[in-house]
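Residues per chain, in single letters:
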Amino acid sequence: MVIKGEPNITVGILDNMPQVAGNFKGNFYNDYYGSISGKFSAKIVEGKILFTYRNNRQISSSREIKFTGGHKATFQLFDVTVGSSFHWERKETQIFKGNMILKVRRKGIIAVINEIPLEDYLISVISSEMNSSAPEEFLKTHAIVSRSWLLASLLEKNKKHTLSKSKKIISNKEIARWYGREDHDLFDVCADDHCQRYHGLTKKISYKAQKAVQETRGLVAMYRNKICDTRYSKACGGFTEDFKTAWANKRIPYLTGISDGPIQRSPIKTEKDTINWIQSKPHAYCNVHNKNLLKKILPDSDRKTQNFFRWKVTYTREELENIIKKKSGLDFGKLKHVTPLQRGSSGRIFRLRIAGSKKSIVIGKELEIRRWLSPTHLLSSAFFVTAKKDHRGEVKSFTFHGAGWGHGVGLCQIGAAVMAYRGFSADKILKHYFKGIKIQKIY
Ligand SMILES: [Zn+2]
Ligand SMILES: [Zn+2]
């Protein structure tokens, strides 16, 4: 499979603003109005975009206005919110190159979109998602993974039946829910963690990230002549997970659980297997506690999470009742049991029964389970539960004994970085996590 040259990609930068302001540094070109530079502002008036520049000159359009950036031209956007709804939320001026497109989102709300060549987008993403002191072969691995993930989702967007849609199936006995890559309608990807973190040229572009993207230009993971949907998460916990534990019920050969280490193990089958596995300390690439090493791999915001390979969380019964009530909107009454019903290869639960005095429900899949059982998110759904009871046999507290961080499907980021440290090439790392793939240059 070959794509005709490097595609352009559209990234939604601002999507919820009554008005925006910025500055064109260098020349930007519009088909009708010619060359424009300097400060600008834009808002929606009576359903139309009203773009104001130099001494109150105005352009108006009912659909969209596009400005093509000249060579070396950049544009600034003022007051862009970053880390939306996280504790580090703040506003900053961001800088981009490429084209700027304004669109009407809805009544009174404007969307600002950055259109750029895919490889430029990747350089910015790898710079902001990864620590620049991470090993080179790891950055190359991630460049190929991010590129494949993105192209697979762009190609899938045009299809009717897609595996990457969100879904919620509810009966009075069971809730199964998973979160897909919702199709953005006005652009290909957003600039937030929902897709991949993108800040254009705002932060310093790391030289190593740039080199990793350039050296892997056009390279993607392929399986049976199709670009792979290369999922990734932080740390598998020693064994990677199957696609169906987190998303639709489909077996995807290259997204099926594997041992994340030099010693091959078989997948988890029984509850006893799970308990033994979580209580053991297996040789695995992501079984790493060296603080200096982790510092080089993880971006600052992730470094607070240190015990991710094996972890433990305890709640009093009342605490857990309150968390579940808040997260699910359901009142289970006095909690009695939290029982795993079905697990995937890595031990991650995708069907879990929660039983209380008023209600008993089965929930899934892995992310919904993690969401219900923590004020934020439980690190993973690979856990077993123990309960302490009082003399009347009522539960006093629940303890979750767990393994891994994230859904565990596909590439294990921490494991991959450790492999790179030990001298494995990007090619070897990718073929370890995605069985049966080929690496191919498509442009
Ligand atoms: Zn998104
Ligand atoms: Zn791992």
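*Asks:* Any details on the overall build of the protein chain? Residues and values, ideally.
*Replies:* Within the protein chain one finds ten helices and 24 strands. Here the C-alpha atoms of the protein chain give a radius of gyration of 24 Å, agreeing with the 22 Å that 2.2 N^0.38 yields for 443 residues. Expressed along its principal axes, the backbone C-alpha trace of the protein chain runs to roughly 80 × 50 × 45 Å. Accessible surface computed for the protein chain: about 21,100 Å², of which carbon and sulfur atoms make up 50%. Side chains of the protein chain carry 77 positive and 40 negative charges; the gap between the two charge centres is 2 Å.

*Asks:* Got a sec to walk through the domain arrangement of the protein chain? Specific residues and values, please.
*Replies:* By domain assignment, the protein chain separates into domain 1 (8-117), domain 2 (128-263 + 406-441) and domain 3 (264-405). Each partner contributes residues to the interface: domain 1 has 25 residues there, and domain 2 has 16 residues. In total, about 1,600 Å² of surface goes out of reach between domain 1 and domain 2, with carbon and sulfur atoms giving 60% of it. Between domain 1 and domain 2 we count one salt bridge in total. Here R105 ties to D185 by a salt bridge, and the two come within 3.2 Å at their closest N and O atoms. Here domain 1 is connected to domain 2 by ten residue pairs in polar contact (both at pLDDT 80 or more). Every element with two or more residues in the side of domain 1 that touches domain 2 is listed here: β1 (8-17), β7 (74-82), β8 (90-97), β9 (99-106) and β10 (109-117). Here the side of domain 1 that touches domain 2 is built from residues that sort into eleven nonpolar, eight polar and six charged.

*Asks:* Please give an account of the sheet that holds strand β22 (residues 395-403) that cites residues and values.
*Replies:* Ordered by their spatial adjacency, three strands build an open sheet running β17-β22-β21, and the pairing between neighbours is antiparallel. Of all strands in the sheet, those bounded by a partner on one side alone are β17 (310-316) and β21 (383-389). Recorded for the sheet is a direction-independent mean angle of 20° between the axes of neighbouring strands. Where β21 meets β22, seven bridges bridge the pair, whose relative direction is antiparallel. Of the residues in β22, the one forming a bridge with K388 is S397. The sheet strands contacting helix α5 (residues 271-279) are β17, β21 and β22, and the helix crosses β21 at an angle near 95°. Each of β17 and β22 touches helix α7 (residues 317-328); the most contacted strand, β17, lies at about 95° to it.

*Asks:* How would you explain the sheet that holds strand β14 (residues 219-223) if you had to name every residue and give the values?
*Replies:* Strand pairs in the sheet, formed through backbone hydrogen bonds, run parallel or antiparallel to each other. Across the sheet, which stays open at both edges, the three strands sit in the order β15-β14-β24 with antiparallel pairing between neighbours. If you trace the sheet from one side to the other, it starts and ends with β15 (226-227) and β24 (438-441), each paired once. Examined bridge by bridge, β14 and β15 share two bridges and lie antiparallel to one another. In the strand pairing of β15, M222 is matched with I227. The sheet contacts of helix α2 (residues 136-157) involve β14, β15 and β24, and relative to β14 the element is tilted by about 60°.

*Asks:* Describe in detail helix α10 (residues 426-433), supporting the description with residues and values.
*Replies:* The complete set of buried residues in α10 reads A426, I429, L430, H432 and Y433. Burial along α10 is one-sided: seen end-on, the buried residues are contained in an arc of 160°. Tucked inside the fold, the buried residues of α10 contact α2, β23 (411-412), α9 (413-421) and β24.

*Asks:* Requested: an account of the coordination of the zinc ion (ligand 2), with residues and values cited.
*Replies:* Octahedral metals with six donors have ideal donor angles of 90 or 180 degrees. Tetrahedral metals with four donors have an ideal donor angle of 109.5 degrees. Listed as protein donors to the zinc ion (ligand 2) are C236 (SG), D260 (OD), C286 (SG) and C412 (SG); their distances from the metal cover 2.1 to 2.3 Å. Around the zinc ion (ligand 2), the four donor atoms are arranged such that angles at the metal cover 103 to 118°; this shape is classified as tetrahedral. Considered as a linear motif, the donors of the zinc ion (ligand 2) on their single chain read C-x23-D-x25-C-x125-C. Residue D260 is found in the loop between α4 (243-246) and α5, and its partner C286 is found in the loop between α5 and α6 (291-297); the two are separated by 26 residues along the sequence. You'll find D260 and C286 in the same group, each marked buried.

*Asks:* Could you give an account of the side chain of Q94, naming the residues involved and the relevant values?
*Replies:* You can see Q94 is positioned in strand β8. A relative accessible area of 2% means that Q94 is categorised as buried. A polar side-chain atom of Q94 sits 2.8 Å from a polar atom in the side chain of E92. Within the local environment of Q94, its side chain forms a polar contact with the side chain of H199, the two groups lying 3.3 Å apart.

Cut-off values and rules
- Residues numbered from 1 in each chain as written.
- Chains lettered and ligands numbered in written order.
- Predicted model: local features only at pLDDT ≥ 70, side-chain atom pairs only at ≥ 80, totals over all residues.
- Heavy atoms only, no water.
- Helix = DSSP H or I, 4+ residues; strand = E, 2+ residues; numbered from the N terminus.
- Rg over C-alpha atoms; globule rule 2.2 N^0.38 Å.
- Areas by Shrake-Rupley, 256 points an atom, 1.4 Å probe, with all protein chains shown as cover.
- Lys, Arg positive; Asp, Glu negative; His and termini not counted.
- Charge placed at Lys NZ, Arg CZ, Asp CG, Glu CD.
- Domains from an automatic or database assignment.
- Contact = heavy atoms within 4.5 Å.
- Buried area = accessible area lost by both parts, 1.4 Å probe.
- Salt bridge = Lys/Arg side-chain N within 4 Å of Asp/Glu carboxyl O.
- Polar contact = N/O pair within 3.5 Å; in protein donor to acceptor, adjacent residues only side chain to side chain.
- Nonpolar A, V, L, I, M, F, W, Y, C, P; charged D, E, K, R; others polar.
- Pairing = 2+ DSSP bridges.
- Axes fitted to C-alpha atoms, helices over the stretch in contact; angles between N-to-C directions.
- Buried < 20%, exposed > 50% of the residue type's maximum accessible area, 1.4 Å probe, protein only.
- Arc of directions from axis to C-beta.
- Donors = N, O, S within 2.8 Å, 3.2 Å for Na, K, Ca; no water.
- Tetrahedral: all angles 85-135°; square planar, octahedral: opposite > 155°, others 65-115°.

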